Amino acid sequence: MNGTRTTPPRPVDIAAVFPALAPLARPAVRLHPRPGSPTVHDSSIGGPLLWPAQEPWRYCRIEHEGLHPLVPVAQLYARDIPLLRPPGRTDLLQVLWCPSEHAPDSSIPIELSWRTAADVTDVLAAPPEPFDADEDLYVPEPCVLAPEQVTEYPDFLELPKEVKQQITDPAPWRAAGIPVDDAEPLELYDKALSHAPGWKIGGWAPWGLTDPVPRFCVACGTAMTPLLTISSSEWHRHSTSWIPNEDRVPGASDDSWFNPPDITVLDANHLQLYACPASGGHPHTVLVQ
């Protein structure tokens, strides 16, 4: 693991100002990836996987010239991140993808493996190397993690209409002693009070490049919730309030307040994996935003 990362308290207790938000609160775990040397027994981003020697490695199912092995994106142990809630007796999530964009929408094929770590007694010693990646940045730099649980609220675009109206009205903010002008409430909510940037488990999905789209399990029709957010960076200039205390440098410029784990996500800020909370008799179903 990567020591400790502590997100500063939010500048406003938003649920106290707008009680209608309280039922919408969700826990999330910020992963805080930082370059390191993880092993197969560690939770990591871009690190080696606890992969059974007898199990064939995964290859891209979309046509290429030759075989294209998938590359490790994330390995997450439930002991480090209880919020994972793996199905059955599994306790380990592994995420792989093809490091090449695919037509017609420049998508990246992704595969997940839920497994029980104790069952892996003989680990694959030499996984195949990435083959001719479109971008080196689609092959994540190995990173260790410092999981931290935070509380999130929905992106403004996902809020009920009446709550949107409350939040964009400066009057309740001012009544709570928070000085805002007419243009500030929405920006303050979206950038500092709703959902954390960066890699995370659970919580609420970030939107903005597209409007929110409901996700439903193809097996049982249950509304799915975010499982893993894969992000191009830990924070952005517009979200510096989310910078962990341990990473703050007095007097540093905003240009230095970037900490990507050397990965690009479709030239966007994030990529979202969803899981069915009612997995029951079938495995978690995952869709990608």
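Everything below is about the structure shown above.
Being a predicted model, the structure only gives us computed values, none of them experimental.

The rules we used
- Residues numbered from 1 in each chain as written.
- Predicted model: local features only at pLDDT ≥ 70, side-chain atom pairs only at ≥ 80, totals over all residues.
- Heavy atoms only, no water.
- Buried < 20%, exposed > 50% of the residue type's maximum accessible area, 1.4 Å probe, protein only.
- Helix = DSSP H or I, 4+ residues; strand = E, 2+ residues; numbered from the N terminus.
- Pairing = 2+ DSSP bridges.
- Phe/Tyr/Trp six-rings, centres within 6.5 Å; stacked < 30°, edge-to-face > 60°.
- Lys NZ or Arg CZ within 6 Å of the ring centre and 35° of its normal.
- Arc of directions from axis to C-beta.
- Contact = heavy atoms within 4.5 Å.
- Polar contact = N/O pair within 3.5 Å; in protein donor to acceptor, adjacent residues only side chain to side chain.

(A) Here's a closer look at the pairing of strand E4 (residues 71-77). With six of its seven residues buried, E4 lies for the most part within the structure. For strand E3 (residues 44-45) and E4, the ladder comprises two bridges, and the chain directions are antiparallel. Residue Ile 45 lies in a different strand from E4, and its bridge partner there is Ala 74. Note that E4 and strand E5 (residues 92-97) share six bridges and pair antiparallel.

(B) Region of interest: the packing of aromatic side chains. Evaluated as defined, the whole model comprises three aromatic pairs. With a centroid separation of 5.3 Å and 65 degrees between ring planes, the pair formed by Phe 18 and Trp 173 is classed as edge-to-face. Placement of Phe 18 in the loop between helix H1 (14-17) and strand E1 (26-30) and of Trp 173 in helix H3 (residues 170-175) is noted, with a sequence separation of 155 residues between them. We classify Phe 18 as buried; its relative accessible area is 2%. With centroids separated by 6.4 Å and ring planes inclined at 85 degrees, the aromatic side chains of Trp 97 and Tyr 138 adopt a geometry described as edge-to-face. One end of the pair, Trp 97, is in strand E5; the other, Tyr 138, is in the loop between strand E6 (110-115) and strand E7 (143-144), and 41 residues separate them in sequence. As far as burial versus exposure is concerned, Trp 97 and Tyr 138 are alike and both buried. In this structure, Arg 26 is placed above the aromatic ring of Trp 204, and the distance from its NZ or CZ to the ring centre is 3.5 Å. Directly above the ring of Trp 51 sits Arg 115, whose terminal nitrogen or CZ lies 4.7 Å from the centroid.

(C) Representation of unusual backbone geometry in the model. Its identity is not glycine, yet His 32 carries a phi of approximately 50 degrees, on the positive side. Along the polypeptide, His 32 turns up in the loop between E1 and strand E2 (34-35). A relative accessible area of 0% means that His 32 is categorised as buried. Phi is positive for Arg 85, close to 50 degrees, though the residue is something other than glycine. Looking at the element boundaries, Arg 85 is found in the loop between E4 and E5. Accessibility expressed as a relative area gives 57% for Arg 85, which makes it exposed.

(D) How the structure looks around the pairing of strand E8 (residues 148-152). Across the two faces of E8 the burial differs, with Glu 148, Val 150 and Glu 152 buried and Gln 149 and Thr 151 not buried at all. Here five bridges tie E1 to E8, and the two strands are oriented antiparallel to one another. Note on E8: the bridge partner recorded for Ala 28 is Val 150.

(E) Focus on the sheet that holds E7. The six strands are arranged E2-E7-E3-E4-E5-E6 in an open sheet whose pairing can be described as antiparallel. Looking at the sheet topology across the chains shown, the edges are occupied by E2 and E6.

(F) Layout of helix H4 (residues 184-193). The set of residues buried in H4 consists of Pro 185, Tyr 189, Ala 192 and Leu 193. Projection of H4 onto a plane perpendicular to its axis shows the buried side chains occupying an angular sector of 115 degrees, all on one side. At its buried positions, H4 is contacted by H1, helix H2 (161-168) and H3.

(G) Molecular detail of the side chain of Arg 30. For Arg 30, the position within the fold is in strand E1. Overall, Arg 30 belongs to the buried group, its relative accessible area being 1%. Within the local environment of Arg 30, its side chain forms a polar contact with the side chain of Thr 7, the two groups lying 2.8 Å apart. Look past the residues within four positions of Arg 30 in its chain and what remains in contact with it is Thr 7, Ala 146, Pro 147, Glu 148, Val 150, Ala 196, Pro 197, Trp 199, Lys 200, Glu 234 and Trp 242.

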